[in-house]
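# Understanding the architecture of this molecule
Here are the chains, one letter per residue:
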Amino acid sequence: MALAILLLAAAPQAATAQNILVPKAYLFGFAASFNDSTVFFTDIQTVDSVWVTKKGFLAGKSNYSYQLRNYCEQKMDLPKRTCVVVSTLKRKDAEKKYKKMMKKYVGKKVKNYDVRYISSSDFHFEPVDMGTE
């Protein structure tokens, strides 16, 4: 039992040691609320000096989501938005994921959403340093 607890305690340290700093990644954000039908998309943004896991997943993804959530709360006066960040290492992959997500909210068959856009000049993701954690 003590061994299991020791292994669980060491697991988060091992996971953060595997983070890799990449020169850039492509991110976009999505914000929505269960209380209304307005959804927000950011532009696809290039973010420099991003940490990813060995498998290429964005390290500290929740930190990027909180950046968008804080922007919605503080600058747009829209509290309690659920925010999602999608990231890739290739622009083409980001564009593909962006289009796929947009199809769920924009189109002839979709009529219940008020889709709004947040430009890069209004909001930009800041890199999160995951190398020291």
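Residues numbered from 1 in each chain as written. Predicted model: local features only at pLDDT ≥ 70, side-chain atom pairs only at ≥ 80, totals over all residues. Heavy atoms only, no water.

### A short note on the pairing of strand E4 (residues 82–88)
- Here E4 lies mainly inside the structure; 5 of its 7 residues are buried.
- The sheet contact formed by strand E1 (residues 20–32) and E4 spans 7 bridges and is antiparallel. By the bridge assignment for E4, Ala31 is matched with Cys83. (Buried < 20%, exposed > 50% of the residue type's maximum accessible area, 1.4 Å probe, protein only. Helix = DSSP H or I, 4+ residues; strand = E, 2+ residues; numbered from the N terminus. Pairing = 2+ DSSP bridges.)

### Thoughts on helix H3 (residues 91–103)
- When the terminal C-alpha atoms of H3 are compared, their 18 Å separation across 13 residues agrees well with the 18 Å that a helix rising 1.5 Å per residue should span.
- Of all the positions in H3, only Ala94, Tyr98, Met101 and Met102 are classed as buried. Across the axial projection of H3, the buried residues extend over an arc of 100°, all falling on one side. Of the exposed residues in H3, those oriented more than 90 degrees away from the buried face are Lys92, Lys96, Lys99, Lys100 and Lys103.
- On its buried side, H3 packs onto E1, strand E2 (38–42), E4 and strand E5 (114–118). (Expected span 1.5 Å × (residues − 1). Arc of directions from axis to C-beta. Contact = heavy atoms within 4.5 Å.)

### Some remarks on the pattern of salt bridges
- One pass over the structure, following the stated rule, counts 4 salt bridges.
- Measuring nitrogen to oxygen at the nearest pair gives 2.8 Å for the salt bridge that ties Asp36 to Arg81. You can see Asp36 sitting in the loop between E1 and E2 and its partner Arg81 sitting in the loop between helix H2 (61–74) and E4, a full 45 residues away along the chain.
- Residue Asp36 is classed as partly exposed on the basis of its relative accessible area of 35%.
- Among the residues examined, Arg81 registers a relative accessible area of 4% and is labelled buried.
- Here Arg69 ties to Glu73 by a salt bridge, and the two come within 3.3 Å at their closest N and O atoms. A residue pair is termed a helical-turn pair when its members lie 3 or 4 positions apart in one helix, as Arg69 and Glu73 do in helix H2 at 4 residues. (Salt bridge = Lys/Arg side-chain N within 4 Å of Asp/Glu carboxyl O.)

### A short note on the side chain of Ser87
- Assignment of secondary structure puts Ser87 in strand E4.
- Residues in contact with Ser87, not counting those within four places in the same chain, are Tyr26, Leu27, Leu58 and Lys97.

### As for the nonpolar core
- With 22 residues, the main nonpolar core has Leu27, Val50, Tyr64, Leu68 and Phe125 as its most contacted residues.
- Every element with two or more residues in this core is listed here: E1, strand E3 (45–52), H2 and E4.
- Excluding its chain neighbours within four sequence positions, the residues that come into contact with Tyr64 are Leu27, Val50, Leu58, Ala59, Val85, Phe125, Glu126, Pro127 and Val128.
- If you look at the next biggest cluster of nonpolar residues, it comprises 14 residues, including Tyr26, Ala32, Phe41 and Ile44. (Core = buried A, V, L, I, M, F, W, Y, C linked by side-chain atoms within 4.5 Å.)

### A word on the confidence of the model for the protein chain
- Mean pLDDT for the protein chain: 87, with 86% of residues reaching 70 or above.
- Confidence over residues 1–15 falls short of pLDDT 50; this stretch has 0 contacts with residues more than four positions distant or in other chains. (pLDDT = per-residue confidence, 0-100.)

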